[in-house]
Amino acid sequence: RRDLRLVNRPVAAWERAMADDEAQITAEIQTRSATAGRLLGNGDKIGALRAAMEGPYLSTKNQALKDSNYENVGRVLGALAESDLNGLLSALSDEELDPLMKFVYRALAVANNSPVMLRLHAKIVERAGLGVVVRAIADRRTV
């Protein structure tokens, strides 16, 4: 959430504001990572996934921040077993399925737990329809 008033300020102020945003996003990613790790350690995979996916991962163009955020989500996705998928999908809301599908595509791109990710993809489509695929692919913001 960038302040549009910064557009008329000198470049140095804009760069400082961007650095502040990135520092804030980094802190949020670290906090979510700790929360997701704790929940995952307690066996709460659904809570861990929600904690990892929460936040401003679409608001930055900094690839290092996106990679760091994906590491959190990827760690949770990598811990999923096929037996977890039905419970996961029944617990998640329709609004949570769109970003989840983006993370599934990212996990498939890096070959993270691919057999389970393919089954998760199929189950998301079964539950939410093909619109979730179209929205995940058409949205230019990446995770």
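Residues numbered from 1 in each chain as written. Predicted model: local features only at pLDDT ≥ 70, side-chain atom pairs only at ≥ 80, totals over all residues. Heavy atoms only, no water.

S.K.: Even after reading the chapter, I still don't get the overall build of the chain, so can you show me in this structure?
M.R.: A count of helical and extended segments in the chain gives seven helices and zero strands. For the chain, buried positions account for 37% of its 143 residues. In the chain, the proportion of contacts linking residues at least 24 apart, taken out of those at least 6 apart, comes to 71%. Carbon and sulfur atoms make up 54% of the accessible area of the chain, which amounts to about 8100 Å² in all. (Helix = DSSP H or I, 4+ residues; strand = E, 2+ residues; numbered from the N terminus. Buried < 20%, exposed > 50% of the residue type's maximum accessible area, 1.4 Å probe, protein only. Contact = heavy atoms within 4.5 Å. Areas by Shrake-Rupley, 256 points an atom, 1.4 Å probe, with all protein chains shown as cover.)

S.K.: Help me understand the pattern of salt bridges, please; the structure alone is not making it clear to me.
M.R.: Once their charged atoms are close, side chains differing in charge can pair, the charge on each being opposite to the other. All chains considered together, the criterion is met by eight salt bridges. Between Asp84 and Lys45 there is a salt bridge, with the nearest N and O atoms lying 2.8 Å from each other. Linking Asp84 in the loop between α3 (63-79) and α4 (85-91) with Lys45 in helix α2 (residues 45-53), this pair joins segments that are 39 residues apart in sequence. The partly exposed category is assigned to Asp84, whose relative accessible area is 23%. (Salt bridge = Lys/Arg side-chain N within 4 Å of Asp/Glu carboxyl O.)

S.K.: Quick question: what am I supposed to make of the packing of helix α5 (residues 94-109) against helix α6 (residues 114-128) here?
M.R.: Between two packed helices, what matters for the description is the angle formed by their axes and the separation of those axes. Two elements in contact, α5 and α6, have axes whose closest approach is 10 Å; the angle formed by their N-to-C orientations is 150°. By the criterion of interaxial angle, the relationship of α5 to α6 is roughly antiparallel. For the element pair α5 and α6, the recorded crossing hand is left-handed. Contacts between α5 and α6 involve Asp94, Leu97, Leu100, Met101, Val104, Tyr105, Ala107 and Leu108 on the former and, on the latter, Ser114, Met117, Leu118, Leu120, His121, Ile124, Val125, Arg127 and Ala128. When the residues that make up the contact of α5 with α6 are grouped by side-chain class, the tally is 13 nonpolar, two polar and two charged. (Axes fitted to C-alpha atoms, helices over the stretch in contact; angles between N-to-C directions. Parallel < 35°, antiparallel > 145°, perpendicular 65-115°, else oblique. Left-handed = near helix turned anticlockwise from the far one by under 90°. Nonpolar A, V, L, I, M, F, W, Y, C, P; charged D, E, K, R; others polar.)

S.K.: Help me understand helix α7 (residues 131-138), please; the structure alone is not making it clear to me.
M.R.: Residues lying three or four places apart along an α-helix face the same way, a consequence of the helix completing one turn every 3.6 residues. All of the buried residues along α7 are Val132, Val133 and Ala136. Buried residues along α7 cover an arc of 100° about the axis, so they all sit on one side. Every exposed residue of α7 that faces more than 90 degrees away from the buried side is listed here: Val134 and Ala138. For α7, the secondary structure elements touched by its buried residues are α5 and α6. (Arc of directions from axis to C-beta.)

S.K.: Help me understand the nonpolar core in this model?
M.R.: Note on soluble globular proteins: their nonpolar side chains tend to be buried together. Formed by 32 residues in total, the largest nonpolar core has its most connected members in Leu49, Leu77, Leu80, Leu100, Met117, Leu120 and Ile124. When contributions to this core are tallied by element, the ones reaching two or more residues are α1 (11-41), α2, α3, α4, α5, α6 and α7. Considering every element that reaches this core, the biggest residue donor is α5, with six residues. Apart from residues lying up to four places away in sequence, Leu77 is in contact with Leu49, Leu100, Phe103, Val104, Ala107, Asn113, Met117 and Leu120. (Core = buried A, V, L, I, M, F, W, Y, C linked by side-chain atoms within 4.5 Å.)

S.K.: Hey, could you run me through α3 in this one?
M.R.: Between the first and last C-alpha of α3 there are 24 Å, a value that for 17 residues agrees with the 24 Å anticipated at 1.5 Å per step. Along α3, the residues that are buried comprise Leu65, Lys66, Asn69, Tyr70, Asn72, Val73, Gly74, Val76 and Leu77. Two or three places before Ala64, at the start of α3, stands the capping residue Asn62, its side-chain oxygen 2.8 Å from that residue's backbone nitrogen. (Expected span 1.5 Å × (residues − 1). Polar contact = N/O pair within 3.5 Å; in protein donor to acceptor, adjacent residues only side chain to side chain.)

S.K.: What exactly am I supposed to notice about the environment of Leu65 here?
M.R.: Structurally, Leu65 can be placed in helix α3. Taking the C-alpha atoms as reference points, Leu65 and Ala23, separated by 42 residues in sequence, lie 9.7 Å from one another. Once residues lying within four places of it in the same chain are set aside, the contact partners of Leu65 are Glu22, Ile25, Thr26, Ile29 and Thr60.

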